[in-house]
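Close look at the chain arrangement
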Amino acid sequence: MIAQSFYFSGGRVLVTESKQRQNEQGTQTSNDALAQQIAIEREYVSMLYTRLDQLRAENESKLKGVRRNQSVGGHQNRSERDAYAQHYEDRLAQLNAVDHRLVFGKLDMDDESSRYIGRIGLATEDHERLMIDWRAPEAGTFYQATAFDRRGVRSRRHLMLERRDVVGIEDDVLDASVLEGDDALHGEGALLAALNRKRTGRMGDIVATIQAEQDKIIRADLPGVRVVQGGPGTGKTAVALHRAAYLLYSYRERLNNAGVLVVGPSASFMWYIERVLPSLGETGVVMSSLGTLYPGLRAVPETNPVIARIKGDLKMADVIKQAVADRQKVPAKNQRLYVDSTDIELTPKMVKHARATARSTGKTHNEARETFVKVLLKDLTKQLNEKLDASAGRAVDRPYLQDDVRESLDVRRALNLLWMPLSPETLVRSLFAKRHYLESATAGVLSETERDLLHRSSDAPFTESDVPLLDEAAELLGDFSKVTGAAAAARAVAEHKANIENANKALENMHYALEDIGADGIITAEQITNLNEESISRMTAASAANADRTWAYGHVVVDEAQELSPMQWRLLMRRCPMKSFTIVGDIAQASSAAASKSWAQALEPFVGERFHLDELTVNYRTPAQISHTAVAVARAAGLEISAPRAVREGESGPLIAEVSPERLVAQTVETVSHEIEASGGGLIGVIVDPRQYAEVAQAVGRAHRGKTGTSESALEHQILVLTPWEAKGLEFDVVIIVEPAHLVEAANGSVGDLYVSMTRPTQRLHLVASKPLPAGIN
């Protein structure tokens, strides 16, 4: 038996081997030593969980105490108790989130001390440190130490837990002198153990197996734009999420209120990663797919790549700007308006003057409308007053006259038609539904053919490509609620006043009863009203940010960033005015028609050349044989692919089943059935072109009821049927690609989707085909 420890430095895989030097008696001694070491670790881990439970109980008790006293005392006291309640609630959420694999590592140092590394920091009541938070500076050596740069570490132990029990340990020996001890333990290394585990449908956090190449990026400074370029399986997503957790820990004061936004390509991808950050001790991160970046909207995918390209171009910002300007109208001729029984005229000259005055304020459309209306009301009132003076033969003071003009039905209708308050949804919907608006806004920008493609019915759902347009419109239109919310605000004030009156009556009726118990005059009507009215629920920074389109985040993490259009980049840059970004992706994997060809092209309009590029060079996910075939397919199609070095060999290259068209679906179902037995419960991904999706999903679902899920359901099934877009960023034990040629055809001849799909498996890849396979597949 050969024991191996793996160290990664600068992208090179260094393997050290200790030859078998034990006879059968020695092997038994080693097994006894292993059992003894596991018993020691079990005892310590049990103590850590006991301390975790104690902290939970303490915080629950304190929270209950605060809640019991929450309605007593003055406003300042209530505010203080609310702050304490928030603190205890947040702490409980953190303590509850880290129960799974609380501790995962241990460092034995040159000074004979030991450091346990876990998801959060723990200490005794006397402040004796029991476990170091993985993000703390002292924990950095767990990831950074190598045999050539030990950093004071003699050995690094990985603890494998199931629930709260230690079931295995792996030691990486960095100091050769440790090998001289009879009780030295070695193993295949935690990284390979993690890679060979079955997928769960959720992304497993890799805190315990982050390597030096990744850790350098995770712990980089906060400011600026950092791009992480890496091929399939290099751990880009894991790096991005762990960097988010690290930044929240290291820059807590700066980011705690502003928050961190994590953006992924699709809803299925967000389901996949949603448990990673909570498991690392962070619960205050906003996670959003491209379709949910606009609050309150769940956009559908943009199925037409040509439309996606048109809407993704930065020139659409000018289109939206013109669409807003088109709603600030000037009449073609004079309009006769009636105020009571007197007629006045609204002229184009008057409207142009009012519009110019409103625009000169620099305010948004909905806010500038107030100036527009004020100017015209003033001019119309002056005109009406002069007409009434002429009729009366003398000047008369009429202070009520402007109110009469404002309340005139003719005036209100005319002003609304000239400068209507608008919501972003109304603007974008009407822009694409009404030809005259579309032609005016796109004149000189789009061709007639492009306008025809954008034209659609007013009830069409918003797509992911519409999200940046809605955001652009919202930026130009301003707050719609300020224009439309006056009536609601007035109703709320009136309702509150009525509630206070009712409370006063209740106190009057209870006067004698309160006097008997000595409480008369202590309780006020305002206190009763505040207790009974529905209060605004306390929101965390993450909840508030998720509901507020104008929220300025402290940092933004973008995964699968190679797919973003220029307009989507424009939206994200607006979300983070400080331009603090972690951007991860692989330009070679881009399949969106609106995607850029390089990171420089994507970022130049927003940050110029001010970004730092890191590259991940080790493929931890895909077996070498499968990875080599995927790269061969991409290169055969002319793509410039950087091929990360695979950590391990697999069982075989792609397994190919060539069948007749009539047998395609049946062969797919048979392959799934075979893999259910062979994978022993592993996660199976069936990737199929959207045109065949329904047929394949139904057939697999019928054959394996209860085990099959789709992108519309949570990722808790053994079998998932997905399109190539939905599979982006995901990983499976086994992948079955149905008709690879169709994936290329659907992408207008590009092999990008096929390349991405081929790099999703950690164990085996099946290709089921009735058409000739693309070049590069042997």
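Residues numbered from 1 in each chain as written. Predicted model: local features only at pLDDT ≥ 70, side-chain atom pairs only at ≥ 80, totals over all residues. Heavy atoms only, no water.

For the protein chain, an unreviewed UniProt entry supplies the name AAA family ATPase and the organism Rothia terrae.

Burial in helix α26 (residues 599–607) covers these residues: Trp599, Ala602, Leu603, Phe606 and Val607. One side of α26 carries all its buried residues, which in axial view fall inside an arc of 90 degrees. Contacts made by the buried residues of α26 are with β9 (225–230), α25 (566–575), β15 (581–585) and β16 (611–616). Note on α26: the residue one or two positions beyond its end, Gly608, has a positive phi of about 60 degrees. (Buried < 20%, exposed > 50% of the residue type's maximum accessible area, 1.4 Å probe, protein only. Helix = DSSP H or I, 4+ residues; strand = E, 2+ residues; numbered from the N terminus. Arc of directions from axis to C-beta. Contact = heavy atoms within 4.5 Å.)

We now examine the side chain of Thr342. Along the polypeptide, Thr342 turns up in strand β13 (residues 342–346). For Thr342, the contacting residues outside a window of four places in its chain are Leu337, Leu384, Lys387 and Leu388.

Glancing now at the UniProt feature "binding site: ATP" (unreviewed entry) in the protein chain. Sites flagged by UniProt as "binding site: ATP" (unreviewed entry) map to Gly230, Gly231, Pro232, Gly233, Thr234, Gly235, Lys236 and Thr237. Along the polypeptide, Pro232 turns up in the loop between β9 and α6 (236–250). Its relative accessible area of 3% is what places Pro232 among the buried residues. For Pro232, the residues in contact, after removing those within four places along its chain, are Asp586, Gln589, Asn619, Arg621, Tyr755, Thr759 and Arg760. Summarising the element assignment, Gly233 is placed in the loop between β9 and α6. Judged by relative accessible area, which is 5%, Gly233 ranks as buried. With residues near it in sequence (within four places) discarded, Gly233 still touches Val618, Asn619, Tyr620 and Arg621. (UniProt positions renumbered as here; feature names shortened; annotations may be inferred.)

The next subject is empty space enclosed by the protein. Tallied over the full model, the rule gives two cavities of 30 Å³ or more. Roughly 80 Å³ of volume is contained in the second largest cavity. Along its surface, the second largest cavity is lined by Leu261, Val286, Ser288, Thr292, Leu293, Pro295, Ala545, Asn546, Asp548, Arg549, Tyr553 and Arg575. Across the lining of the second largest cavity, the residue classes tally to six nonpolar, three polar and three charged. (1 Å grid on protein atoms, 1.4 Å probe; cavity = no way out; pocket = protein on both sides within 12 Å on 5 of 7 lines; lining within 4 Å. Points joined across faces, edges and corners; volume = space filled by probe spheres on them. Nonpolar A, V, L, I, M, F, W, Y, C, P; charged D, E, K, R; others polar.)

Attention shifts here to the packing of aromatic side chains. As enumerated under the stated definition, the model contains two aromatic pairs in all. Ring centres of Tyr44 and Tyr116 lie 4.0 Å apart, and the angle between their planes is 10 degrees; on these two criteria the pair is classed as stacked. Pair noted here: Tyr44 is in helix α1 (residues 24–68) and Tyr116 is in strand β4 (residues 114–118), with a separation of 72 residues, a long-range link. For Tyr44, a relative accessible area of 22% puts it in the partly exposed group. Given the relative accessible area of 7%, Tyr116 is considered buried. Relative to Trp419, the ring of Phe372 has its centre 4.9 Å away and its plane inclined at 35 degrees; by these criteria the two rings are tilted. (Phe/Tyr/Trp six-rings, centres within 6.5 Å; stacked < 30°, edge-to-face > 60°.)

Bringing the sheet that holds strand β7 (residues 153–162) into the picture now. The mixed open sheet is built from six strands, whose spatial order is β5-β6-β4-β3-β7-β8. Single-partner strands in this sheet number two, and they are β5 (122–123) and β8 (165–173). As paired strands, strand β3 (residues 103–109) and β4 are joined by five bridges and run antiparallel to one another. Considered in β4, the bridge of Lys106 is made with Tyr116. (Pairing = 2+ DSSP bridges.)

Let's shift gears to unusual backbone geometry. At His127, a residue that is not glycine, the phi angle is positive and equals roughly 70 degrees. As for its placement among the helices and strands, His127 is situated in the loop between β5 and β6 (129–133). Looking at His127, the relative accessible area reads 71%, which means it is exposed. One non-glycine residue with positive phi stands out, namely Glu739, at about 50 degrees. Note on placement: Glu739 falls in the loop between β23 (732–738) and α31 (740–746).

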